[in-house]
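Observations on the three-dimensional arrangement
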Amino acid sequence: MRGWTVSLLALVAVTGLPMAGFAQAQTAVKPAIVYANGGKFDKSFNEGVSNGAKKFSDETKIAVADFEPSNETQFEQALRRFAQRGQDPIIAVGFSQAVALEKVGKEFPNTHFTIIDSVVKLPNVQSVVFREHEGSFLVGMLAAMASKTGKVGFVGGMDIPLVRKFQCGYEQGIRYANPNAELITNMTGTTPAAWNDPGRGAELAKGQFDRGVDVVYAAAGSTGIGILQAVKDRGMLGIGVDSNQNYLHPGNMLTSMLKRVDVAAYNSFKARQDGTWKGDVQVLGLKEGGVDWALDQYNEKLITPEMKAKVDAAKADIISGKITVIDYMSNNSCK
């Protein structure tokens, strides 16, 4: 199969670090990842998971095997092959792997799996999902405050409820900051190919700019690379997603909506090694540090003190419950 990464390092048992005067034994692990469509280095979702794996490898010197599928039919085969090879834990990246993981998870009840962005209810599966709508609310506020035309855009990847969840949170943030702002939206497609079509993404973004949009949020995986390039080419402002994409086009990147899939991957591997891994459902939002917005040297000149203060206040209100952000996936509606 294409894409298998062969471990060149021997995996050995690792002795735990002293904690409160005691030594905690650690388990020898053989971690693996089956990525979502779009490539390991998509500068967004997959790459965030890869960064978490790299952190674990750098700390422990344990290699992480991985597989980059070229289509969805390879998910089940890849998960099964890793399990047969004794890899443990195994991370399945993306909601599209849920059906395959439910089948393979039952076949290998002693193997520990983690799925990101979906829920599979098996005792040996850890499901990690995010409150993307909360982070999207904050970047929506920034978009509305930064826009000079009063028109802001959203370009999503595959038209599914999860992407609508990003859009819905973004829209609520826009309205919160400027009730009179206009939102123009497009989805790249209705098949998994929508995650990896930078040309189409650029075309959609340019169409929005022609209609007066001057800030666009790209929630489209690798397709976002094309969207953000169009932002640069037209001298507009873009908002990245999942990973911090501010560095891609300094001066044109307003911010990025951070979705800490890197933390989810790292924590899965580390918990298995430490013996604290649990087959449960984890929901990560602003309160848990699972989502946020990015402010760094690449975009600090675009964020005024007033903008930052308003977003920080809204973030605190969401965490406290004073502001409730509608989750599109709760009833497939943004009302």
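Presented here is a report on the structure given in the accompanying data block. These figures come from a predicted structure and were not determined experimentally.

A short note on the environment of Val104
- Residue placement: Val104 occurs in helix α3 (residues 98–107).
- For Val104, a relative accessible area of 0% corresponds to the buried category.
- Taking the C-alpha atoms as reference points, Val104 and Arg81, 23 residues apart in sequence, are found 9.7 Å from one another.
- For Val104, the residues in contact, after removing those within four places along its chain, are Glu76, Leu79, Arg80 and Phe113.

A word on a nonpolar patch on the surface
- A surface patch of nonpolar side chains, about 210 Å² in accessible area, is lined by Val119, Val281 and Val283.
- Assignment of secondary structure puts Val281 in strand β13 (residues 281–284).
- You can call Val281 partly exposed: its relative accessible area is 45%.

Structural notes on the sheet that holds strand β10 (residues 215–219)
- One open sheet holds the six strands; their spatial order is β9-β8-β10-β11-β12-β14, and the pairing between them is mixed. Only two strands of the sheet have a single neighbouring strand rather than two, namely β9 (182–189) and β14 (291–293). Neighbour-to-neighbour, the strand axes of the sheet open up by a mean angle of 15 degrees, direction not taken into account.
- Sheet topology note: the strand β11 (residues 237–242)/strand β12 (residues 253–259) ladder contains five bridges and is parallel. Bridged to Gly238 within β12 is Met253.

Structural notes on the pairing of strand β6 (residues 113–116)
- The alternating pattern of β6 places Phe113 and Ile115 and Thr114 and Ile116 on opposite faces, both of which are buried.
- The pairing of strand β5 (residues 90–93) with β6 spans four bridges and is classified as parallel. Paired with Val93 across the two strands is Ile116, which belongs to β6.
- Between β5 and its parallel partner β6, the chain crosses via α3, and the hand of that crossover is right-handed.
- Sheet topology places β6 next to strand β7 (residues 125–130); four bridges connect them, and they run parallel.

Reading the values: the criteria
- Residues numbered from 1 in each chain as written.
- Predicted model: local features only at pLDDT ≥ 70, side-chain atom pairs only at ≥ 80, totals over all residues.
- Heavy atoms only, no water.
- Helix = DSSP H or I, 4+ residues; strand = E, 2+ residues; numbered from the N terminus.
- Buried < 20%, exposed > 50% of the residue type's maximum accessible area, 1.4 Å probe, protein only.
- Contact = heavy atoms within 4.5 Å.
- Patch = residues over 30% accessible without salt bridge, like charges linked within 9 Å, V, L, I, M, F, W, Y side chains within 5 Å.
- Areas by Shrake-Rupley, 256 points an atom, 1.4 Å probe, with all protein chains shown as cover.
- Salt bridge = Lys/Arg side-chain N within 4 Å of Asp/Glu carboxyl O.
- Pairing = 2+ DSSP bridges.
- Axes fitted to C-alpha atoms, helices over the stretch in contact; angles between N-to-C directions.
- Right-handed = clockwise from strand over helix to strand, strands pointing away.

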